Each structure stands twice: as structure tokens, then as C-alpha cells.
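# Examination of the molecular architecture
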Amino acid sequence: MDRKYLMGIDIGTTGTKAGLFDLEGNLVADAYEESVLHYPQPGWVEQEAEDFYRTTCLTVRRVLEKSRINPAEIAAIAFDGQMAGILGIDGDWQPVTRYDSWLDIRCQKYVDWIRENYSDIFINTVGMPPTVAHGPKMLWWKNEEPETFKRIAKFIVPAVYVAGRICGLKAKEAFVDHTYVHFSGVSDARNIAWSTEMLDLFDIPLEKMPRIVEPWEIVGYVTAKAAEDTGLAAGIPVAAGAGDHAASCLGAGLVEKGLVVDVAGTASILSCCVDRFVPDVAHRTIIMPRAIPKDLWLPHAYIGGGGLCLRWFRDTFAPVEKEQAQQQGNSAYDLLNKKAAAASPGSGGLLFVPHLGGRIYPYDSSVRGAWIGFSWNHDQGGFYRSIMESIAYEYCYYLNIEKQLYPELEFKEVRVIGGGARSDFWNQMKANILGIPYVKLDREEVGILGSAILAGYAAGIYRDLKTVALQSSRAGKRYEVDLKLHRFYQPYTRLYAEVFTNLVPVYGQLGKLAARAGIDEN
């Protein structure tokens, strides 16, 4: 039987999405299932490993039911997933820990320890500044839960866990592809290997690290048990896959120098495409992961809850709009966008700090949200607009650093993906603030598309990843820069960058007072 389809599956933070594509990159069917996040203690965010497998089985079954295809016609599968968190498994691929999410900040003191003692060597070797990711998390498990740490055979990521379940792997077969390893804290970025120097510094045993593979390596095949659980045909090859950001960049066609992608999702990510590794030692802000094609890199930084700020505002300050939108079958965001558009550029001198859960890059867990400069004249639209503008101001900070790292680089356009890409108003605002044209892609499923392309390459259907990625990314509406507004916004972007220097002492004091209040209440 001819193999006519490819499947990409994204193991996300808030849910799992599966998509079936034909060989021309057209979406045949997709499905989504929410995941459950657990908050056992302040600052802790966990997920059950079994929940990742459960939601995968549900979404795959729904896709197959919607498409009505013969599962035997699927040529290959690849997974992508959230990147900066980890979970531990034993020798039989059974979870030893819950998934320690990228949103979980319990390892903060180990981030601080690395930054104070090993920051430069960490950035030069790993390719990213110390922040909440695998290295500090492994240190937390080693030092805070030593008995659990002993039971962990391998540290892996959610997409790998599900792939291993689908293929019936054991811990000795555990893997991770090269798009994840910068988050490990113990990798040699230049050579795509584990760094014995970093492992020794942190006293992390090499045997607890999975083998590093290329994203297109076939790591196994769908087992009879997994076929029963998912509705798939046994024997379908499973590619190693990639991190969700890398898969989205491939699906968005970010395979040429100078292209930029804005992931306007729960986390607001701005990433560009370059062809060499330049660690950001000076600013300690930009992370330097490899792209799926090994000759490219995707320097970027992100706001941990950029898009989440807009949802928080909607749920907290716009219940009327939310109810009105539900009654009309519309989006509350559209109503808020109209009000924001009525406010003046610069929000009437109002600045917002979008780091409600701490700043990720450069890392500072004490940073919180703030509105600065509001007066009697500000209304709901002005406050909402200030959130949208702040995310663009943060992006300007990232771009200015990337221009210093790559002075010869010319940014061609920003391809915007994610839920926020639906807002024409926000896309135009970002283009004006950054001074780079924005392009909305004519498809939203770029993450699972990237995984499907990768699956096709692994199966030998596609010969050139870059060519397929460029052909599959479909440009939609383009937003040119309004130069007058771009000049208007420049003082705001500079002032925004200065805000953190002035507010850091305030955040530190507020944190101490809040901690003391908690003690007093107890």
C-alpha cells in the first residue's frame, strides 16, 4: 500500500495537538486535547508523564476518525514538544518523577549559583545564559531529592517520553535530538555532544543523559500495544523529532539567513535565522539553539508569559467583553483590540512590564509586572494596548542584541505564527515598532507541519528539508512599516530597556516583604 500521509504531534504545555498531512503539506485533519497542570507548591508546576501519552492517544484517534484514512497509509510520525523542562525515567521507561515544567521555578537557587560562579563558561559552552532549564533542574533533583535522583536512569523531555512509549523503548535507548541540548546545561553546542567539563562541574553522571541524535533518525516503530491505544498501524516508523520551537521554525520556513519568526503564543518568542554560533556573553540574554538543519542556528529570547498577559487581562479586567463575545460567537480579543486601536500610540505615555512570573532572559525571578505612567485619562483600551506594545518593546531589546552579535545581518521580514498572529492590529503595531515588515502565514499549524516535514525527510520521501519547508510555508497578508510611527516609537523602546535597571531594587524589596507577609500570616 502506498504511503500517502505524514503525522506530526506536538506535546505542548497546555495540551497535545496531532495533525495528519498529505505529502504536499496540506492538512487533512487535526485534533487537540487539553493537558492537566499541577501546582503542588508555590513556584512548582508539574505534569504527569502519563497525561502526555493519554492526550496523544486521544488526539491521534480523533484525527484518524476525522480523516477516515487507512492508518497503514501513514509513512512516518514525528513528535515535537515543550523544551526547557525535564522528567526522569527508570530503566523500563517508567516515570520516576512528574514532568518538572519549564514554568516551574523551584530550581532558582541553582540558576543563581551557576550565574554567580560559571556564567561565562556556561554561555560559551552551552550557548545560553543560565536560566530555568534542565541543568538547574537536574541539580535540584540531585541535591534536594537524592534518593529519587538515584532511581533516575535517564533525564528526558515530554516528546521523547511519548515517542518511547509508542515505540516500546527502554532507558538504554533514550535519546534527545540536537535542537534541545542547549537547554541541558551540560552540552557542547559547537560539537553536538555532552560536555564532560560541564558534567564534571555540576557532578551530573554522564550515564543519566540520553544519546544525542539527529532529528530525522528513526528511533523505533509503532508497537502492537501502541497501535491498540492510538488506532495507528503497527510498524509505522517514528522519527526522533525536535523541540517545539525548532519544529515551528521549520514549518514557518525559517531556513534562510535574515528571516525572523515571532511566535505569538503563550510564550512570546522572537527568533532569527543565522549560519554561525555566537554566544551572547555580554548581555546574557540571547540563547543559541541549533535549527533542525544542522548548519543553521536560531538565536532568540522569550517572555515566559507574553500572550498569557493578554489572557490574564481578558479574564481579570474584561469579564463583560468576554461574556459579550461568547454570546455573539466572537472573540473577546477582537473587542479588546478595537478598544486598544482607539487609544493613542504609546498608550498615552503608559508602559507595561510583561514579566508577571519573572524575567526569563536575562534571568531575574524577582521581576514582576508593572504599569508605569497611568493617569485619570487612561481607560481599558489604553491599558490593553500598553501590554501589546510592551511585548514589541521587549522584542526590540532582543533584536538590538542580535544586531550586535551579527552586525552584517539584514532582517528581511518577520513571519508571525501562533494565536496572536490572528490580530491584524497587533501585527501592524509590531512591524511599526520593530521597523521590519511582518508577514502572517496563511496557515496556523506550523509546529505539527514542521514535525510532519521532518517525518517525511526521515522516511526518505523528501530529499531536502529547506526546500520543502520554504515551499510549505505559505505567505499571507503582509504588513509594511509605517516609518513615521517607527520613529515615534523609538524613544519608548529605549525607555522600556531602562525600566528594569531602575525597578530591580524595588522588585527585590517587594519580594522580601511578600515573603515576610506569608510568614506572618502563618
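Attention here is on the structure that accompanies the text. (Residues numbered from 1 in each chain as written. Predicted model: local features only at pLDDT ≥ 70, side-chain atom pairs only at ≥ 80, totals over all residues. Heavy atoms only, no water.)

### Structural notes on the overall build of the protein
A count of helical and extended segments in the protein gives 16 helices and 22 strands. The C-alpha atoms of the protein give 22 Å as radius of gyration, which agrees with the globular expectation for 522 residues (24 Å, within 12%). Structurally, the protein occupies a C-alpha span of about 65 × 50 × 50 Å along its principal axes. Contacts in the protein between residues far apart in sequence, at least 24 positions, make up 72% of those at least 6 positions apart. As presented, the protein carries roughly 20,700 Å² of accessible surface, and 50% of it is formed by carbon and sulfur atoms. On the protein, the mean spot of the 54 positive side-chain charges and the mean spot of the 63 negative ones are 2 Å from each other. (Helix = DSSP H or I, 4+ residues; strand = E, 2+ residues; numbered from the N terminus. Rg over C-alpha atoms; globule rule 2.2 N^0.38 Å. Contact = heavy atoms within 4.5 Å. Areas by Shrake-Rupley, 256 points an atom, 1.4 Å probe, with all protein chains shown as cover. Lys, Arg positive; Asp, Glu negative; His and termini not counted. Charge placed at Lys NZ, Arg CZ, Asp CG, Glu CD.)

### Considering the sheet that holds strand β5 (residues 74–81)
Judged by pairing direction, the sheet is mixed, and its six strands sit side by side in the order β3-β2-β1-β5-β14-β13 without closing on themselves. Every other strand in the sheet has two partners, leaving β3 (27–34) and β13 (218–221) as the edge strands with one partner each. Ignoring which end each strand starts from, the neighbouring axes of this sheet average 20° apart. As defined by bridge partners, strand β2 (residues 15–22) adjoins β3 across seven bridges and the pair is classed as antiparallel. For Thr16, the partnering residue across the bridge sits in β3 and is Glu33. Across the sheet, helix α1 (residues 49–67) lies against β1 (5–11), β2, β3 and β5, angled at about 145° from β3, the strand it touches most. Set on the sheet, helix α8 (residues 244–251) makes contact with β1, β5 and β14 (237–243); between it and β14 the angle comes to about 100°. (Pairing = 2+ DSSP bridges. Axes fitted to C-alpha atoms, helices over the stretch in contact; angles between N-to-C directions.)

### Focus: the environment of Tyr363
Its location among the elements puts Tyr363 in the loop between β18 (351–353) and β19 (370–372). Overall, the relative accessible area of 10% leaves Tyr363 in the buried class. A C-alpha to C-alpha distance of 27 Å links Tyr363 and Leu250, two positions 113 residues apart in sequence. Not counting the four nearest positions on each side in its chain, Tyr363 is found in contact with Gln108, Val111, Asp112, Arg115, Pro130, Thr131 and Val132. (Buried < 20%, exposed > 50% of the residue type's maximum accessible area, 1.4 Å probe, protein only.)

### Focus: the sheet that holds strand β21 (residues 438–441)
As summarised here, the arrangement of the six strands in space is β17-β16-β15-β20-β21-β22, forming an open sheet in which the pairing is mixed. Strands with a single pairing partner mark the edges of an open sheet, and in this sheet they are β17 (300–303) and β22 (475–479). Along the sheet, successive strands turn relative to each other by an average axial angle of 20°, direction set aside. Judged from the five bridges that link them, strand β15 (residues 259–264) and strand β20 (residues 413–417) form a sheet pairing that is parallel. Bridging across to β20, Val261 finds its partner in Arg415. Seen against the sheet, helix α12 (residues 380–405) touches β15, β16 (268–272), β17 and β21 and runs at an angle of roughly 25° to β16.

### Brief notes about a nonpolar patch on the surface
A surface patch of nonpolar side chains, about 280 Å² in accessible area, is lined by Val506, Leu510 and Leu513. Relative to the helices and strands, Val506 resides in helix α16 (residues 483–521). For Val506, a relative accessible area of 42% puts it in the partly exposed group. (Patch = residues over 30% accessible without salt bridge, like charges linked within 9 Å, V, L, I, M, F, W, Y side chains within 5 Å. Salt bridge = Lys/Arg side-chain N within 4 Å of Asp/Glu carboxyl O.)

### Describing the side chain of Thr179
In this fold, Thr179 is placed in the loop between β9 (175–177) and β10 (187–188). Within polar-contact distance, the side chain of Thr179 engages the backbone nitrogen of Gly243 at 2.9 Å. In this view, Thr179 contacts Met83, Pro215, Ala242, Gly243, Ala246, Pro289, Arg290, Ala291 and Ile292; residues no more than four positions away in its chain are not counted. (Polar contact = N/O pair within 3.5 Å; in protein donor to acceptor, adjacent residues only side chain to side chain.)

### Notes on helix α5 (residues 158–167)
Most of α5 sits inside the fold, with nine of its ten residues counted as buried. Positioned one or two residues after α5, Gly168 has a phi angle of 70°, which is positive.

### Overview of the packing of aromatic side chains
On inspection of all chains with the given rule, the structure shows 30 aromatic pairs. With 6.3 Å between their ring centres and 70° between their planes, Tyr118 and Phe202 make a pair best called edge-to-face. In this pair, Tyr118 sits in helix α2 (residues 108–126) while Phe202 sits in helix α6 (residues 196–202), placing the two residues 84 residues apart along the sequence. Given a relative accessible area of 23%, Tyr118 falls into the partly exposed group. (Phe/Tyr/Trp six-rings, centres within 6.5 Å; stacked < 30°, edge-to-face > 60°.)

### Focus on the pairing of β2
With respect to burial, β2 is a largely interior element, seven of its eight residues being buried. Alignment of β1 against β2, held across seven bridges, turns out to be antiparallel. Residue pairing across strands places Ile11 opposite Thr16, the latter belonging to β2. If you look at the hairpin formed by β1 and β2, you'll find three residues sitting between the two strands. Counting the residues in the hairpin turn of β2 and β3 gives four residues, including Gly25, whose phi is positive at 90°.

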